[in-house]
Amino acid sequence: GAAVDQKRWTLNDFDIGKPLGRGKFGHVYLAREKRSNHIVALKVLFKNQLKQSQVEHQLRREVEIQSHLRHPNILRLYGYFYDQKRVYLILEYAAKGELYKELQKCKYFSERRAATYVASLARALIYCHGKHVIHRDIKPENLLVGAQGELKIADFGWSVHTFNRRRTMCGTLDYLPPEMVESVEHDANVDIWSLGILCYEFLYGVPPFEAKEHSDTYRRIIQVDLKFPSRPVVSSAAKDLITQQMLVKDSSQRLPLKKLLEHPWIVQNADPSG
Ligand SMILES: COc1ccc(C(=O)Nc2ccccc2)cc1NC(=O)CCSc1ncnc(N)c1Br
């Protein structure tokens, strides 16, 4: 509530627990807020690293964006504080950890699990677009799993408000849609492309345009050079959704996210509770 947002937090308000994992620009720890016993994830960012990478403004914008986002499939940023050398982000703790580790463990997901995740991500993205935020970085590394197995989009390191379209190259190229690879103007439809990449990766365990060299990945993306392995066996409904509706070069021809939630494959396979 408001109290959480307004309070001036300090490190003394928290008992610090085990390291949770590598975050962007810093380490993340399990922590407990002493007064409420509330369990959180505390992300520590070093100011000099932020300065070096010139991302202070990005972090400020992100904290601003996040403070207005409230959705079950978006990891909460409860607040932040800083000291001489560090900035601390007080994050929601996702009890079941990082999705990509789960995907590595079970190689690929069932169609029901994949559809459930895709549907909850679609709902989260519809919510973001309603607030004029496009995420642009939907990949397994940025997804966490809550206590009830629900998906949480966790890293807004590169989200931008739709009005400022500056684009920065970041991390893997696998998720970039053609319009970003060809660095032409892009819009909220980039998220539908990324969701298609993610849906493929949930079902097959690898992203569709993966290649040894960046240049090959670029070419495959621009040509939408999509192939479906014979194993694992995946329904034609899933393949049609990916090829006909999501991984479409012309961004205006991609299925609107709202329509995605009505697609037969989603309706028949996604668990409504998400
Ligand atoms: C709303 O979540 C964020 C919001 C912002 C940023 C961030 O660094 N922004 C940023 C940093 C520098 C420059 C510009 C933006 C990062 C996250 N999230 C994370 O880093 C995820 C930490 S790992 C984790 N978290 C919870 N439960 C777990 N089980 C785990 Br494992």
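Structural data are supplied above this passage.
This text gives an overview of the structure that appears in the document.

## Remarks on the site of the ligand
Lining the immediate environment of the ligand, one finds 21 residues, of which Lys 43, Glu 62, Glu 92, Ala 94 and Ala 154 sit closest. A distance of 2.9 Å is found between a nitrogen atom of the ligand and a backbone nitrogen or oxygen belonging to Ala 94. For the ligand, an oxygen atom lies 2.7 Å from a polar atom in the backbone of Ala 154. Coverage of the ligand by the protein chains reaches 97% of its 690 Å² of free accessible surface. Elements represented by at least two residues in the shell around the ligand include exactly strand E3 (38-46), helix H3 (56-67) and strand E5 (86-92). Split into classes, the residues belonging to the shell around the ligand amount to 14 nonpolar, three polar and four charged.

## Concerning the side chain of Asn 269
Of note, Asn 269 is situated in helix H11 (residues 264-269). The exposure class assigned to Asn 269 is buried, which follows from its relative accessible area of 15%. For Asn 269, the side chain forms a polar contact with the main-chain oxygen of Trp 265, separated by 2.8 Å.

## Notes on the pairing of strand E2 (residues 26-33)
Alignment of E2 against E3, held across eight bridges, turns out to be antiparallel. Counterpart to His 27 in the pairing with E3 is Val 44. The antiparallel hairpin formed by E2 and E3 contains four residues in its connecting segment, where Asn 37 sits at a positive phi of about 60°.

## Some points on the packing of aromatic side chains
Counted by the stated rule, this structure contains ten aromatic pairs. With 5.9 Å between their ring centres and 20° between their planes, Trp 193 and Phe 209 make a pair best called stacked. In this pair, Trp 193 is assigned in helix H7 (residues 189-204) and Phe 209 in the loop between H7 and helix H8 (214-222), connecting sequence segments 16 residues apart. Overall, the relative accessible area of 0% leaves Phe 209 in the buried class. Through a chain of ring-to-ring contacts, three or more aromatic side chains come together here, namely Trp 9, Phe 14, Phe 81 and Tyr 88. The ring of Trp 9 has Lys 7 lying over it, and the distance from NZ or CZ to the ring centre is 5.0 Å.

How each quantity is defined
Residues numbered from 1 in each chain as written. Predicted model: local features only at pLDDT ≥ 70, side-chain atom pairs only at ≥ 80, totals over all residues. Heavy atoms only, no water. Near = heavy atom within 4 Å. Polar contact = N/O pair within 3.5 Å; in protein donor to acceptor, adjacent residues only side chain to side chain. Areas by Shrake-Rupley, 256 points an atom, 1.4 Å probe, with all protein chains shown as cover. Helix = DSSP H or I, 4+ residues; strand = E, 2+ residues; numbered from the N terminus. Nonpolar A, V, L, I, M, F, W, Y, C, P; charged D, E, K, R; others polar. Buried < 20%, exposed > 50% of the residue type's maximum accessible area, 1.4 Å probe, protein only. Pairing = 2+ DSSP bridges. Phe/Tyr/Trp six-rings, centres within 6.5 Å; stacked < 30°, edge-to-face > 60°. Lys NZ or Arg CZ within 6 Å of the ring centre and 35° of its normal.

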